[in-house]
Amino acid sequence: MSTDTPVSFSEATIQRFDREVAKYPDEQRQSAVMACLAIIQQEQGHLSLADEAALAAYLRMETIAVHEVTTFYNMYNQQPVGKFKLNVCTNLPCQLRDGAQALHHLEQRLGITMGGTTADGLFTLQQSECLGACADSPVMLVNDRHMCSFMSNDKLDQLIDGLRASEGQR
């Protein structure tokens, strides 16, 4: 990803940014960084370095400060991802309760390694830090929104089959 390609956001995007920034005093406009990053990702699917630089200019903050937010949180995609982003918790409590096995099963089932995307662009498999459901492990998050608990191999297979079926694939 290159930062030398200038990014200009659409007027509609700027209006959405403006609504978020308006929630804060002007000297604290950088507080809207997470909401603005979410807007960009919602519109484009991921965040490029050029997007980060353009947002930094809009929010009047350092580009590195925007990049630090982007790279700190799992919910921001720094590269294109599949239609279904599967984040498997690999924190110690989940590891002790088959989290690594769940990740390995998904790698085998999808034919990709952690961090990869299937050739059809349907699934991206990622590891995640604590999802806050240690008692329900192994746990995973689908598209940063839907928490799945007690993910045995059978439940993982059902999830994959269901997501594929929702796309008309087998």
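Residues numbered from 1 in each chain as written. Predicted model: local features only at pLDDT ≥ 70, side-chain atom pairs only at ≥ 80, totals over all residues. Heavy atoms only, no water.

Thoughts on the confidence of the model for the chain
Mean pLDDT over the chain stands at 91; residues scoring 70 or higher make up 96%. Counting interchain partners and residues more than four positions distant, the pLDDT-below-50 stretch residues 1-5 has nine contacts. (pLDDT = per-residue confidence, 0-100. Contact = heavy atoms within 4.5 Å.)

Some words on the side chain of Asn 87
With respect to the element layout, Asn 87 can be found in strand β1 (residues 84-89). Side-chain polar atoms of Asn 87 contact the side chain of Asp 144, separated by 3.4 Å. Setting aside residues up to four positions removed in sequence, Asn 87 forms contacts with Gln 126, Gln 127, Ser 128, Leu 131, Val 139, Met 140, Leu 141 and Asp 144. (Helix = DSSP H or I, 4+ residues; strand = E, 2+ residues; numbered from the N terminus. Polar contact = N/O pair within 3.5 Å; in protein donor to acceptor, adjacent residues only side chain to side chain.)

Quick word on the packing of helix α2 (residues 33-44) against helix α3 (residues 49-59)
Across the interface, α2 lies against α3 with an axial gap of 11 Å and an inter-helix angle of 140°. In terms of orientation, α2 lies oblique with respect to α3. For the element pair α2 and α3, the recorded crossing hand is right-handed. Residues Val 33, Cys 36, Leu 37, Ile 40 and Gln 44 of α2 form the contact with α3, whose participating residues are Asp 51, Leu 55 and Leu 59. (Axes fitted to C-alpha atoms, helices over the stretch in contact; angles between N-to-C directions. Parallel < 35°, antiparallel > 145°, perpendicular 65-115°, else oblique. Left-handed = near helix turned anticlockwise from the far one by under 90°.)

Some thoughts on the packing of helix α6 (residues 99-110) against helix α7 (residues 153-166)
Interhelical geometry of α6 versus α7 gives an angle of 40° and a closest axis separation of 10 Å. Considering their axes alone, α6 and α7 lie oblique with respect to each other. Judged by the sense of rotation from one axis to the other, the crossing of α6 with α7 is right-handed. Listed contacts from α7 to Gln 101, Ala 102, His 105, Leu 106, Arg 109 and Leu 110 of α6 are Asn 153, Leu 156, Asp 157, Ile 160, Asp 161 and Arg 164. Across the contact of α6 with α7, the residue classes tally to five nonpolar, three polar and four charged. (Nonpolar A, V, L, I, M, F, W, Y, C, P; charged D, E, K, R; others polar.)

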